[in-house]
Amino acid sequence: MFDSWKPLLTPRVFYERIGPYMSWCLAISILLLTLGMTAALFIVPPDYQQGDAFRILYIHVPLAAFSMSTYAFMSVCALCVYVWKLKLHDQLAHAAAMIGFIYALLTLATGSIWGKPMWGTWWLWDVRLTSELVLALFYGGILISRASIKRPDDAARVASVLALLGVVNLPIIHFSVEWWHSLHQKSTLLGLHAPTMPLSMIWPLLLMFVGFFLITAWFIIKHAHGSYKMRSQIAC
Amino acid sequence: MLELSFPSAYRGYLFAAYALVIAVLSIYAFWLHYRDRFYR
């Protein structure tokens, strides 16, 4: 059974097979994100405590969730690079670091924009905010190590070790609001309890999650494929 | 009949957050799409 999947580990075969689905992936993700944002801004009722400010949740929460899940994906790829030296996974890990870094920065920015009207300040050294900042720093460190080390094999190895070290931060970010007293609100959807939002507020968030999942996949594969094509041109 | 109206309160914060995310992700998507032309 594994033999039929084995060719997919070769970058050329992988990009050839997945290429026809990329446009569909982008189109569906843009459609879902447009629907989700329209519903979030115009259809969903205001929150009884936060009023309209809570609508930032519909971009802040998916960005935060995907900044973490992209890191988890990158770590799995990093493990494959470290153990089996797989080229495809190295390209995917590099691409995931780039979009994950962007997501982490946008999570901090949208969180600050939400924090100002609700908490009265743009930033606090709260454990949830600080651990998300550490995640952004890990992403930044991985990207800098890849850019500054000349030999690609060495760069991949150092980036893989850094990525695997940073995994310890993921449960700290997720459970920080449960483990410590925090000004940040507890998990709305992915906590240890049932969702605390009514259905009329949850459905646009689910659209945003599916849209972000597809567009993250598109970003990662598009970036990795572009890097592969550029390296192939240089090699020729 | 569904009435659509942009929220009146916190309009600036909402606009800033959504515009920032859309702008950054769009720029990154365009860069990914055209970057092989930039480096030629």
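Figured I'd write up the structure that's included with this text. (Residues numbered from 1 in each chain as written. Chains lettered and ligands numbered in written order. Predicted model: local features only at pLDDT ≥ 70, side-chain atom pairs only at ≥ 80, totals over all residues. Heavy atoms only, no water.)

1. What about the packing of helix α5 (residues 127-148) of chain A against helix α6 (residues 152-165) of chain A?
Any two packed helices are characterised by the angle at which their axes cross and by the distance between the axes.
Residues and elements named next belong to chain A.
Here is step 1 of the chain: Between α5 and α6, the shortest axis-to-axis distance is 8 Å and the interhelical angle comes to 170 degrees. In terms of their interaxial angle, α5 and α6 are classed as roughly antiparallel. Where α5 approaches α6, its residues Phe 138, Gly 141, Ile 142, Ser 145 and Arg 146 are matched on the opposing element by Ala 155, Ala 156, Val 158, Ala 159, Leu 162, Ala 163 and Leu 165.
Here is step 2 of the chain: For the contact of α5 with α6, the per-class residue count stands at nine nonpolar, two polar and one charged. (Axes fitted to C-alpha atoms, helices over the stretch in contact; angles between N-to-C directions. Helix = DSSP H or I, 4+ residues; strand = E, 2+ residues; numbered from the N terminus. Parallel < 35°, antiparallel > 145°, perpendicular 65-115°, else oblique. Contact = heavy atoms within 4.5 Å. Nonpolar A, V, L, I, M, F, W, Y, C, P; charged D, E, K, R; others polar.)

2. A few points about the pattern of salt bridges
All names here are of chain A.
Here is step 1 of the chain: This structure, assessed with the given rule, holds five salt bridges over all chains.
Here is step 2 of the chain: When the shortest N-O distance is used, the salt bridge between Arg 146 and Asp 90 registers 2.9 Å. Of this pair, Arg 146 sits in helix α5 while Asp 90 sits in helix α4 (residues 87-119); the two residues are 56 residues apart in sequence, bridging distant segments of the chain.
Here is step 3 of the chain: Here Arg 146 falls in the buried class, since its relative accessible area comes to 13%.
Here is step 4 of the chain: Between Asp 154 and Arg 151 there is a salt bridge, with its nearest N and O atoms 3.6 Å apart. (Salt bridge = Lys/Arg side-chain N within 4 Å of Asp/Glu carboxyl O. Buried < 20%, exposed > 50% of the residue type's maximum accessible area, 1.4 Å probe, protein only.)

3. So, the packing of aromatic side chains
Here is step 1 of the chain: Taken as a whole, this structure holds 16 aromatic pairs over all chains when the rule is applied.
Here is step 2 of the chain: With 5.4 Å between their ring centres and 85 degrees between their planes, Trp 123 of chain A and Trp 125 of chain A make a pair best called edge-to-face.
Here is step 3 of the chain: Trp 125 of chain A sits in the exposed class, given a relative accessible area of 66%.
Here is step 4 of the chain: Plain terms: the ring middles of Tyr 10 of chain B and Tyr 13 of chain B are 6.4 Å apart, the flat faces sit at 55 degrees to each other, and that makes the pair tilted.
Here is step 5 of the chain: By relative accessible area, which is 32% here, Tyr 10 of chain B ends up partly exposed. (Phe/Tyr/Trp six-rings, centres within 6.5 Å; stacked < 30°, edge-to-face > 60°.)

4. So, α5 of chain A
All names here are of chain A.
Here is step 1 of the chain: For α5, spanning 22 residues, the distance from its first C-alpha to its last is 31 Å, which sits close to the expected 32 Å at 1.5 Å a residue.
Here is step 2 of the chain: Within α5, burial applies to Arg 128, Leu 129, Ser 131, Glu 132, Leu 135, Ala 136, Tyr 139, Gly 140, Ile 142, Leu 143, Ser 145 and Arg 146.
Here is step 3 of the chain: The residue sitting at the N-terminus of α5 and contributing the capping side-chain oxygen is Asp 126; that oxygen lies 3.0 Å from the backbone nitrogen of Arg 128. (Expected span 1.5 Å × (residues − 1). Polar contact = N/O pair within 3.5 Å; in protein donor to acceptor, adjacent residues only side chain to side chain.)

5. Points about the environment of Ser 75 of chain A
Residues and elements named next belong to chain A.
Here is step 1 of the chain: Looking at where Ser 75 falls in the secondary structure, it is placed in helix α3 (residues 57-84).
Here is step 2 of the chain: Exposure remark for Ser 75: the relative accessible area of 6% places this residue in the buried category.
Here is step 3 of the chain: Note: C-alpha distance between Ser 75 and Ser 112 (37 residues apart in sequence) is 27 Å.
Here is step 4 of the chain: Other than its neighbours up to four places away in sequence, Ser 75 contacts Ala 163, Leu 164 and Val 167.

6. Observations regarding the interface of chain B and chain A
Often, the extent of an interface is quoted as the loss of accessible area upon association of its parts.
Here is step 1 of the chain: Listed as interface residues are 26 residues of chain B and, on the opposing side, 34 residues of chain A.
Here is step 2 of the chain: Among the residues of chain B in contact with chain A, Tyr 13, Tyr 18 and Tyr 28 of chain B are the three that bury the most area, contributing 25% of the side total.
Here is step 3 of the chain: Between the two partners, chain B and chain A, sit zero salt bridges.
Here is step 4 of the chain: Seen at the junction of chain B and chain A, the total is five residue pairs in polar contact (both at pLDDT 80 or more).
Here is step 5 of the chain: Grouping the constituent residues of the side of chain B that touches chain A by class yields 21 nonpolar, three polar and two charged. (Buried area = accessible area lost by both parts, 1.4 Å probe.)

7. Concerning the nonpolar core
Here is step 1 of the chain: Core analysis: the largest hydrophobic core is formed by 67 residues, its most contacted members being Tyr 58, Met 74, Tyr 103, Phe 212 and Phe 219 of chain A together with Leu 25 of chain B.
Here is step 2 of the chain: Secondary structure elements with two or more residues in this core: α2 (11-43), α3, α4, α5, α6, α7 (169-179) and α8 (199-235) of chain A together with α1 (11-38) of chain B.
Here is step 3 of the chain: It is α4 of chain A that contributes the most residues to this core, 14 residues altogether.
Here is step 4 of the chain: Apart from the residues lying within four places of it in its own chain, the contact partners of Tyr 58 of chain A are Ala 40, Val 44, Met 197, Met 201, Pro 204, Leu 205 and Met 208 of chain A together with Tyr 18 of chain B. (Core = buried A, V, L, I, M, F, W, Y, C linked by side-chain atoms within 4.5 Å.)

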